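Residues per chain, in single letters:
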Amino acid sequence: MMEIQSAFNAGLQGFQRASAGVTEATVNINRQTSTNREPDTAAETDVRQAEAPEQNRPTQSQAPSVEQSLVQLTNETRTAEANVRSIQAADEALGTIIDVRV
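Residues numbered from 1 in each chain as written. Predicted model: local features only at pLDDT ≥ 70, side-chain atom pairs only at ≥ 80, totals over all residues. Heavy atoms only, no water.

Enquirer: I would appreciate a short explanation of the overall build of the protein in the present structure.
Expert: Along the backbone of the protein there are three helices and zero strands. For the protein, the N- to C-terminal ordering of α and β elements is α-α-α. A buried classification covers 14% of the 102 residues belonging to the protein. Put simply, of all contacts in the protein between residues at least 6 apart along the chain, 93% involve residues at least 24 apart. When the accessible area of the protein is evaluated, it comes to approximately 7800 Å², of which 54% is carbon and sulfur surface. (Helix = DSSP H or I, 4+ residues; strand = E, 2+ residues; numbered from the N terminus. Buried < 20%, exposed > 50% of the residue type's maximum accessible area, 1.4 Å probe, protein only. Contact = heavy atoms within 4.5 Å. Areas by Shrake-Rupley, 256 points an atom, 1.4 Å probe, with all protein chains shown as cover.)

Enquirer: Explain the pattern of salt bridges to me, please; I cannot follow it from the model alone.
Expert: Where side chains of opposite charge bring their charged atoms close, a pairing between them can arise. Applying the stated rule across the entire model yields one salt bridge. Residues E81 and R78 are paired through a salt bridge, measuring 3.9 Å at the closest nitrogen-oxygen approach. Of this pair, E81 and R78 both sit in helix 3 (residues 66-101), three residues apart, roughly one helical turn. Here E81 falls in the partly exposed class, since its relative accessible area comes to 35%. (Salt bridge = Lys/Arg side-chain N within 4 Å of Asp/Glu carboxyl O.)

What follows is the structure, given as structure tokens:
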């Protein structure tokens, strides 16, 4: 019985991590695409740079590219699917054990 509970917990934790990764990748894609769409005048850029502290402003090299974020999104989606399958397997095993014991 402990092993099935461990499978549930591992699957749930893995799914939660993958879900957070999907959210992060989605936010990065949204930031990159909205940044690319906004027409930026030189005056707006100067104002934004003056308002934002240097250490809080991400540089172009720090921000992941749209391609990197899409790859991360795909990987995290596959990870989430794999964890859902492990939760389903644990659920089926528990159901089988209950049926056998009754």
